[in-house]
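Each chain, written out:
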Amino acid sequence: MKILIFAALLISFSFSSTIDEYLNSLKQEALKEDPNFKNFDAKRGEEIFTSKHIGKKGKEISCTSCHGTDLTKSHENFFTGKTIEPLSPKTNQKRLTDINEIEKWLKRNFNDVYNKEGTAIQKGDVITYIINK
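Residues numbered from 1 in each chain as written. Predicted model: local features only at pLDDT ≥ 70, side-chain atom pairs only at ≥ 80, totals over all residues. Heavy atoms only, no water.

(A) Layout of the pattern of salt bridges. For the coordinates displayed, the defined rule picks out 6 salt bridges. The shortest N-O distance in the salt bridge between arginine 44 and aspartate 125 comes to 2.6 Å. Taken together, the residues arginine 44 in helix α2 (residues 42–50) and aspartate 125 in helix α5 (residues 120–131) connect sequence positions 81 residues apart. Where glutamate 101 meets lysine 104, a salt bridge forms, and the shortest distance between an N and an O atom there is 3.7 Å. On the criterion of helical spacing, the pair formed by glutamate 101 and lysine 104 is a turn pair, its members being 3 residues apart in helix α4 (residues 99–114). By relative accessible area, glutamate 101 is classed as partly exposed at 39%. Exposure remark for lysine 104: the relative accessible area of 36% places this residue in the partly exposed category. (Salt bridge = Lys/Arg side-chain N within 4 Å of Asp/Glu carboxyl O. Helix = DSSP H or I, 4+ residues; strand = E, 2+ residues; numbered from the N terminus. Buried < 20%, exposed > 50% of the residue type's maximum accessible area, 1.4 Å probe, protein only.)

Put into structure tokens, the structure is as follows:
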């Protein structure tokens, strides 16, 4: 039992320190983009995550098209039909634990949905929304 509690704490600490490190680096970028920047905002992140756009494949999509609106549940990829495991790190402890993976998927998904790479502020807002879901 003690081992399980220790393992859960270790995973939680790993997630927390990784995401804190990533958000801190985004905050430094955000301050370069906008010297008046204060903090990332989950509400703005939700608006980005749920807003629909004509994506790179010419179809109207949003992040919810592949990840759903309940980030604690699996969802089906809009284009491939493959199952995507829950995005919420509260449910899926593998989420948001590797900065390279976070950056790779944010870049890919912003390009797929918005036909552009997101700004540091947009990325930070989306991550803040995800970790609060």
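So much for the structure itself; the text now carries on.
(B) Looking closely at the packing of aromatic side chains. Tallying each qualifying case throughout the model produces 4 aromatic pairs. Ring geometry for phenylalanine 37 against phenylalanine 40: centres 4.9 Å apart, planes inclined by 50°, an arrangement best described as tilted. Residue phenylalanine 37 is classed as buried on the basis of its relative accessible area, which comes to 8%. Relative to phenylalanine 79, the ring of phenylalanine 78 lies with its centre 4.9 Å away and its plane at 85°, an arrangement referred to as edge-to-face. Note on phenylalanine 78: relative accessible area 39%, which makes it partly exposed. (Phe/Tyr/Trp six-rings, centres within 6.5 Å; stacked < 30°, edge-to-face > 60°.)

(C) Highlighting the layout of surface pockets. By volume, the largest pocket is sized at about 800 Å³. Taken together, 35 residues line the largest pocket, and the ones lying closest to its centre are His67, Ile84, Arg95, Trp105 and Asn109. Counting residues per element, the lining of the largest pocket draws most heavily on α4, at 10 residues. Here the lining of the largest pocket is composed, by residue class, of 17 nonpolar, 9 polar and 9 charged. (1 Å grid on protein atoms, 1.4 Å probe; cavity = no way out; pocket = protein on both sides within 12 Å on 5 of 7 lines; lining within 4 Å. Points joined across faces, edges and corners; volume = space filled by probe spheres on them. Nonpolar A, V, L, I, M, F, W, Y, C, P; charged D, E, K, R; others polar.)

(D) A look at the nonpolar core. With 25 residues, the main nonpolar core has Phe49, Ile102, Leu106, Val126, Ile127 and Ile130 as its most contacted residues. For this core, the secondary structure elements donating two or more residues are α1 (2–33), α2, α4 and α5. In this view, isoleucine 127 contacts Ile19, Tyr22, Leu23, Leu96, Ile102 and Leu106; residues no more than four positions away in its chain are not counted. (Core = buried A, V, L, I, M, F, W, Y, C linked by side-chain atoms within 4.5 Å. Contact = heavy atoms within 4.5 Å.)

(E) Layout of unusual backbone geometry. With a phi angle near 60°, leucine 96 is a residue other than glycine that sits in the positive phi range. Phi at asparagine 115 takes a positive value of approximately 60°, unusual for a residue other than glycine. Along the polypeptide, asparagine 115 turns up in the loop between α4 and α5. For asparagine 115, a relative accessible area of 45% puts it in the partly exposed group.

Everything listed here is a matter of coordinates, which is why it stays silent on function.
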